[in-house]
Structure formats: structure tokens, C-alpha cells
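One-letter residues, chain by chain:
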Amino acid sequence: MTKKPIILGIESSCDETAASIIIENEQGIPVILSNIVSSQVEVHKEFGGVVPELAARSHLEKIDWIVQRAIDESGIKKEEIDAVASTAGPGLIVCLSVGLSFGKAFASALDIPFISVNHLEGHALSPKINSKIDYPYLLLLISGGHSQYLSVQGIGKYKRLGTTIDDALGEAFDKTAKLLGVEFPGGPQIEILAKKGDPNKFILPKPIFNKGGCNLSFAGLKTAILKISKNMKNEQDKFDIAASFQKTIQDILHRKTKVAFGEYEKINNSKSKIFVVAGGVAANKNIRSMLINLCEENNYRSIFPPINLCGDNAAMIAVVGLEKYKLKKFDKLDYPAKPRWSLDERAVFLKGAGVRL
Ligand code: KG4
Ligand code: ZN
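Residues numbered from 1 in each chain as written. Chains lettered and ligands numbered in written order. Predicted model: local features only at pLDDT ≥ 70, side-chain atom pairs only at ≥ 80, totals over all residues. Heavy atoms only, no water.

Quick word on the coordination of the zinc ion (ligand 2)
- Protein coordination of the zinc ion (ligand 2) is provided by H119 (NE2), H123 (NE2) and D312 (OD), with donor distances spanning 2.1 to 2.2 Å.
- Given four donor atoms and angles of 92 to 145 degrees at the metal, the environment of the zinc ion (ligand 2) is assigned as irregular.
- Sequence positions of the donors to the zinc ion (ligand 2) reduce to the motif H-x3-H-x188-D. Highlighted residues: H119 and H123, both in helix α4 (residues 119-125), separated by four residues, approximately one helical turn. (Donors = N, O, S within 2.8 Å, 3.2 Å for Na, K, Ca; no water. Tetrahedral: all angles 85-135°; square planar, octahedral: opposite > 155°, others 65-115°. Helix = DSSP H or I, 4+ residues; strand = E, 2+ residues; numbered from the N terminus.)

This is the structure:
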């Protein structure tokens, strides 16, 4: 019996220091042996957002014992690891440098291959952990820094169908939470507040709802909520704003996902109707249930990673590492950190410009 590959994944692109060991099982499915995530929420809370310098210091302090813990909990010896995969981008350069340098040094010391990983590709492949999913599939990636519809044709082969022209969806959740006086990161808190609110109390804007294909826009929502929140009188108002915001997001994603289905089917001839949702916002149960229903109505199989794999983690980085390892796609030790790194290299970097509506 041939030895199944064992990969160490390392993630430090933003405010989570993470390490994970995965192995491929007999059926060719990646299985987690250990998955350690150390969040820096407490470090950044008082600033209302991630402070790069503090984040990098914290990664540096923790990376050594996080990797050691991942190895200890996996039950394997470090000599059994076949390759090291580290996130090389996109993200904060000072943060990326910590996990990237550590991964290179570790691989070099053990004399095993080093593999650089695109963080977004990690999110994109996260549903493959413990499951067999074939290419192609339609991916909705909704995180703190990105909101995109992508047709995933294979490892390293992505076609971007739509993206946000301003804020990312997680950013919109976090900004709304801040206006409601909720601590960072506010996304999960909005979901809790919304449970007690009336989703139809406030009518909020839905930018580019009927145009712009499956591109997205959320910046106008923040401005509308800023105005409404100034007149907040009691706790119930806060619950109603949270519920109305969440309902508006559901409406936007409902409409845009339908458009994305059409664009995906144009490329793939309706061959593989699989819809994968990944990234931190995929943890939102209301958004999940709306998208599950939409998939049922349109004959799509819907796949969500387990909640603990929606946010940033290193198991998803190790999975990309595993796929690249099998293809012998190794990197040299001078591989750079890439603060900007699109999954679809042909797509222009947008941020408020360039999308034809
Ligand atoms: O993927 P992720 O962990 O980090 C990035 O790569 O950005 O996503 C973090 C984002 C944050 O904006 C957070 O507020 C949001 O995901 N988030 C949620 C929920 N859980 C996390 N947003 C809405 N509802 C949730 N339950
Ligand atoms: Zn992420």
C-alpha cells in the first residue's frame, strides 16, 4: 500500500494564526488530523478593526506553538509530513510574511517541498474536506475581504463571473454592526440581533439590483444605515435595523445568485449544477437557508463547508497544498508574499472602478 500524502498547512494572512495537518484517505478524500486556529479578536477589539502591526506581532509570538500543537494533536511525527503549504496572499503583507517564512524554513529544515497557496483558493476548496466534489462548480465566496461568484473549473482554473465593486459582504456586516454599537467582528452579532427584529421595518437600498450581471455592491447600504441609526431610540430599533439589513442582503444574494446560475450554465452547459458557498459570511444561517431553497428550486446541489471551516483556517490551505502536491506543483523558497492575488488572473482588480454596469 502506497503512503498517503500528509500536508502541513499554515495560515496567517489576516487576524487568525492557524496550522493544520491533513491526510488523504483511501478514497482520495482529504481528512483533517488536526486543525488549530488562534483568533486575535481580543487584540483588535478596542480598535474596531484589524491593526496590521499588532496582527503581525501576534502571529510571530504564536506561530511556533500553533504549528507544534497541530503536529502533537495530529498523532503523527513531523518526519512523516510530505510537504508544507503556506498562504502567500492575498492579505496583509506583514502578516503573510510570518506564516510564509515559517513554512519555508520548516520545509527547508525537513528537506520536503514547499507550496505557496492563494488564501481565496483555500476558501474555494474548503468544501472538499471530508467530501468528494468534482469540478466544475459554481462558487460564491463571501468573506471579510472578498465577495465573488466564480466558476471553478479545476485547481488553479477559475473564471470570475462577478465581484463586488465596493465593499465586501463581511465588511458590510462589520460596518453595520459598528454603527449599531456592536463589537468587532460584528457579522455574527448582527445575526443574533436580527432574530429579535422585524425584517420589514426599514426599506434599504439594493444597489445595482437589476443591472451589472452578478456583480455586487454594498457601500450604499452603510450610508442608509448611518442615517437610520442616528434616530435609534431603543433596543428594538437596533434589532429591527439588524433584521432589515440581513433581509436586504438575502434579497440581493437571491437575485444575484440566480443571475450567476445563468452565467455559469453558459460556460458549463448545465453539466454540473453544483453551488458551493464559502468564506466567513457563509456561516450565516439565514443566508444559508435562503440559498439552499434557491438551489432546490433550480436543481442545484448546494454545498456549504461546516461552520468551523467557513472562517479562516489552515485545513483549507492544506487541502490546496494536497492538490498541488499530487500535481507536483512545488514552489521555490524565494516565492514572494502577494498582498493582491486574484484567483482569475485575467480579471481586472476592481475596487470601485472598472465594472461595466
Ligand atoms: O473568511 P473570513 O473568516 O475572513 C476573511 O478572509 O475575510 O470572514 C470574516 C468575515 C467577517 O467580516 C465576519 O463579520 C463575517 O465573516 N462573518 C459573518 C458571520 N460570521 C462571520 N457575517 C454574517 N453572519 C455571520 N454569522
Ligand atoms: Zn478568508
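Section: the sheet that holds strand β7 (residues 147-154)
- Overall, mixed pairing links the five strands, which are arranged β8-β7-β6-β9-β10 in an open sheet. In the strand order of this sheet, the two ends are held by β8 (157-163) and β10 (301-303), each with one partner. Strand-to-strand, the axes of this sheet are offset by a mean angle of 25 degrees, without reference to chain direction.
- Together, β6 (137-142), β7, β8 and β9 (274-278) form the strand contacts of helix α8 (residues 235-268), whose direction differs from that of β7 by roughly 25 degrees.
- The strands that helix α9 (residues 285-297) touches are β6, β9 and β10; relative to β9, the one it contacts most, it runs at about 170 degrees. (Pairing = 2+ DSSP bridges. Axes fitted to C-alpha atoms, helices over the stretch in contact; angles between N-to-C directions. Contact = heavy atoms within 4.5 Å.)

What about the site of ligand 1?
- In the neighbourhood of ligand 1, 19 residues make up the surrounding shell, with G144, D174, E191, G280 and N284 lying closest.
- Contacts to ligand 1 include H123, whose side-chain N or O atom sits 3.3 Å from an oxygen atom.
- In this structure, an oxygen atom belonging to ligand 1 sits 2.7 Å away from a main-chain N or O atom of G144.
- Calculation on ligand 1 without its partners gives an accessible area of 550 Å², and the protein chains cover 85% of this total.
- Put simply, the parts of the chain that give the shell around ligand 1 at least two residues each are α4, α5 (169-179) and α6 (187-194).
- Its residues assigned to classes, the shell around ligand 1 comprises five nonpolar, eleven polar and three charged. (Near = heavy atom within 4 Å. Polar contact = N/O pair within 3.5 Å; in protein donor to acceptor, adjacent residues only side chain to side chain. Areas by Shrake-Rupley, 256 points an atom, 1.4 Å probe, with all protein chains shown as cover. Nonpolar A, V, L, I, M, F, W, Y, C, P; charged D, E, K, R; others polar.)

Remarks on the pattern of salt bridges
- Inspection of every chain in the model, using the stated rule, returns 14 salt bridges.
- E79 is the partner of K78 in a salt bridge, and the nearest nitrogen-oxygen pair spans 3.6 Å.
- Overall, the relative accessible area of 55% leaves E79 in the exposed class.
- D167 serves as the salt-bridge partner of K175, at 3.1 Å between the closest nitrogen and oxygen.
- Connected via shared salt-bridge partners are K4, E24 and K326. (Salt bridge = Lys/Arg side-chain N within 4 Å of Asp/Glu carboxyl O. Buried < 20%, exposed > 50% of the residue type's maximum accessible area, 1.4 Å probe, protein only.)

Some thoughts on the environment of G186
- Looking at the secondary structure, you find G186 in the loop between α5 and α6.
- Accessibility expressed as a relative area gives 1% for G186, which makes it buried.
- Measuring from C-alpha to C-alpha, the distance between G186 and T176 comes to 7.8 Å, with ten residues separating the pair along the chain.
- In this structure G186 touches D174 and A177, once residues within four positions along its chain are discounted.

Describing α8
- Taking 1.5 Å per residue, 34 residues should reach 50 Å; α8 reaches 48 Å between its end C-alpha atoms and fits that length.
- Here α8 starts with a cap whose side-chain oxygen sits 3.2 Å from the backbone nitrogen of Q236, and that cap is N234.
- Immediately beyond the C-terminal end of α8, within one or two residues, lies N269, with a positive phi of roughly 50 degrees. (Expected span 1.5 Å × (residues − 1).)

A closer look at the packing of α5 against α8
- Where α5 contacts α8, the axes come no closer than 11 Å and their chain directions differ by 165 degrees. Judged by the angle between their axes, α5 and α8 are roughly antiparallel. Where α5 crosses over α8, the handedness of that crossing is right-handed. For the pair α5 and α8, contact is made by L169, A172, F173 and T176 and by F245, Q246, I249 and L253, respectively. (Parallel < 35°, antiparallel > 145°, perpendicular 65-115°, else oblique. Left-handed = near helix turned anticlockwise from the far one by under 90°.)

Quick word on the confidence of the model for the chain
- Mean pLDDT over the chain stands at 92; residues scoring 70 or higher make up 97%.
- Low pLDDT (under 50) marks residues 349-357, which in the prediction has 16 contacts with non-local residues, meaning those over four places away or in another chain. (pLDDT = per-residue confidence, 0-100.)

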